[in-house]
Structure formats: C-alpha cells, structure tokens
Amino acid sequence: MSRNPIRTLAIAMAALMLALGFATVGSAKPVPQAGQQPAAAFKAPATIDFRSANIMSEGVRLHAELFSLKTLAGKQLPTVIMAHGWGGTAAGFRRDAIELAAAGYLAITFDYRGWGESDSRVILTSPAPAKKEGPKFTAEVLEVREVVDPLEMVTDWFNAIHWAMGEPMVDKNRIGLRGSSYSGGHVVYVAARDPRVKAIVSQVGAIDSRPKAMPLAGPESEQLRRAYDEATRRARGELGYPAPRARVIGNLQGAPIRDKLLLYAPVEDAAKLKNCAALFIVAEKEELFDNNDHAKVAYDRMTGPKKYVVVPGITHYGIYTTERDRAIKLSIEWFDQYLKK
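Treat the numbers as computed from the prediction; the structure is a model and nothing was measured.

Cut-offs used in this document
- The residue numbers shown here count from 1 along each chain, following its written sequence.
- Only residues with pLDDT of at least 70 are given local features in this predicted model, and only at 80 or more are side-chain atom pairs given and counted; all residues enter the totals for whole chains, interfaces and linings.
- No hydrogens and no water enter the side-chain calculation; it runs on all heavy atoms of the structure.
- Where helices and strands are cited, they refer to DSSP runs of H or I of at least four residues and of E of at least two residues respectively, numbered from the N terminus.
- Each residue's exposure class comes from its accessible area (1.4 Å probe, protein chains only) as a fraction of the maximum for that residue type: buried when under 20%, exposed when over 50%, partly exposed otherwise.
- By definition, residues are in contact when any of their heavy atoms lie within 4.5 Å.
- Buried Ala, Val, Leu, Ile, Met, Phe, Trp, Tyr and Cys residues form a nonpolar core when they are joined through side-chain atoms within 4.5 Å.
- The quantity known as pLDDT measures the predictor's confidence residue by residue, on a range of 0 to 100.

Undergrad: Explain the overall build of the protein chain here, please?
TA: Of regular secondary structure, the protein chain possesses 8 helices and 12 strands. Out of the 341 residues belonging to the protein chain, those deemed buried represent 55%. For the protein chain, contacts bridging at least 24 residues in sequence account for 75% of all contacts bridging at least 6.

Structure representation (structure tokens):
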C-alpha cells in the first residue's frame, strides 16, 4: 500500500525533532495492531463480500473495510458504519462487521487518521520555502501517529458518512452508526449533528471527556493544569506530539491531546437526538468511568426513541469477550427495528 512520499525523514532531522519532543514512526507503512491481519491478508467467510476502500478526511487517506452478503450484491442496503474507541482499529471490528453483513447490512469500518492502516496528518519540520512555484513544494515532515484527538476523530466519522453517500450499495435513508468505548461518545456527537443518521448504538460509551467525568486521568485540577500547560507549549513550538501508542492514562493505548478533551462532551448533545433512535449498552461493573456521568446522562436527556441496557456482571472489556455475542445481537436487533422499517 503506497504512502505519501513526503513522509520520509532524514535521520539527522528526526534526531533533532525527537530532542524537541516530537515523535517519529519507524514503520514505512501503517499497520494493524499486533495480532491483527492487514486487510490484504484477511480472508472473509465464503458468503461475504469483503473489500478495502480509501476515504479522504481533510486530505488524509483513511483505510476502510466493507462487508456484505454476496447474495445481496448490487442491491442498496441499510448501512452501519463502525469505528473503534481509544486505541482500537478497524481490524478489531471485523467479526462484528461479518455478523452485521450476515444480517443483511452493508457494514463499513474505518481506521482514524494515524491509526491502523490509515495515513497520518503530517507536520513540517521547518518553515516552507520562501520561494516556490505554485502551492506545491518538497519538504521533510513528521507524522502525527497514534494519538487521541476526539475532534479529529469525529471529523473522520463525518467524512466516513460523506463517503458512504457516494457508494452505490448504501441506502442513503437507512444509515446507522455503532461505536464502542470512546467511539460510543463519538456516535452521539455525530448523530446529533448529521440528520442522515437514523439509529445509533453506543456500547460501554465514554460520552464526556471533561475532567470531572474522567477520574481515570487524575484529579480535576491536575488534568486542567496539564492540558493548558501542554497546549501553551505546543502553540509556542516548545512541545511536539506524544509518541505513538503512549500509555499515559491508565492502560489506555494512545496519549490524548489533552486540551481537545476539555472541549469534548457529547452528553451535552444528547437532547438533539430527536429523530435518531439510540441504544446505550453499559457494563454493570464499569471500572473506567461512572456510567451515571456518561451513558445514563445521555439517555436521560434524549427525547427520541431510546433504550438503556445494563449487561450484568461485566467490567468494561467484558463487552469484547464474554458478552460480545450478546452485544452484537442487541445491536442487530436495534438496527433491524429502526433501519429495516
């Protein structure tokens, strides 16, 4: 898979930028996380049509994967778009996408910019040349890879929807979104702003990134101090972006751009979900945050079709293990009710 040729860094420049706090990526190509096959090597069941696609989001190529039944080839289908949460990739949703496809949906998954098999946003390592012909010039750049910026992530969601609207198999009047963990908040944010979305499923969703709702990130005063300090230093060119897949909040993979978290609270948008049916699935023993500050708030503020399901006996990651089958079954039933009318 080809990459933008301006990604290449001179070794000396890389060393200099590392000293200034920037992170470089050793891999010449984006790859799935450990233990996950790249799309080129993945084999779907014989009954499933599987293909990769490219979505452009603010000039960055996003990797997408499409799943549908071969027997439904050429037909317009209700469509469910999915992306993973904090540190997750599209490859982690393949099994769920296959089950959605088997239920009669076109399932589309994608990687956020800088994650999985998607390209990254890039930063110039030095000012653009004073003299250049036209808008193009050659430069050395750094990739911003495997960090967590919720505002960039939701922009990628919007562009995934825009892309889907040009896909012949997509029924434009029957669009659903499914998000898990951090993307459980993204789907609320996006559906509140895009009336084309008719149904969402938010499972074990973190739906408020402000300090009070994020105890895992530390005391509220310390979160604010660090967020504003990092933002000031980055704006003044004194601080680069975090290293790829850094673990700085609990065991979550991917360091946050903290000042963006301060601006991100999808719970405040839940009341706008009047014409979009929302299913909230939560873990009874959620350990990363308090459901009452997240999914329950969003559910209570909604006025449209809604349902709140507590999965008993599990912690956050149980939704991907012992209760995965139940979670995807609930999701399919919800989409059947609101996308197959």
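Undergrad: What should I look at first to understand the nonpolar core in this one?
TA: In globular proteins that are soluble, nonpolar side chains generally tend to be buried together. Core analysis: the largest hydrophobic core is formed by 91 residues, its most contacted members being Ile81, Leu100, Phe110, Trp157, Leu177 and Ile200. Looking at this core, the element that brings in the most residues is helix 8 (residues 324-339), giving 8 residues. In contact with Ile81, not counting residues within four places along its chain, are Ile108, Phe110, Trp157, Ala160, Ile161, Ala164, Ile175, Gly176, Leu177 and Arg178. Residues Ile123, Val144, Val147 and Tyr241 belong to the second largest nonpolar core, which totals 5 residues.

Undergrad: Please clarify how the confidence of the model for the protein chain should be interpreted in this entry.
TA: Interpreting fine coordinate detail is not advised for predicted regions of low pLDDT. Averaged over the protein chain, the pLDDT score is 90; the fraction of residues at 70 or greater is 90%. Contacts from residues 1-28, a stretch scored under 50 in pLDDT, to residues over four places away or in other chains number 52 contacts.

Undergrad: Explanation requested: helix 2 (residues 94-102) in the structure shown.
TA: For an α-helix the count is 3.6 residues per turn, leaving residues at separations of three or four pointing the same way. Among the residues of helix 2, Arg94, Asp96, Ala97, Ile98, Leu100 and Ala101 are the ones counted as buried. Residues of helix 2 that are buried make contact with strand 1 (48-57), strand 2 (60-69), strand 3 (77-83), strand 4 (106-110), strand 8 (170-180) and helix 8. Downstream of helix 2 by one or two residues, Gly104 has phi in the positive range, about 105°.

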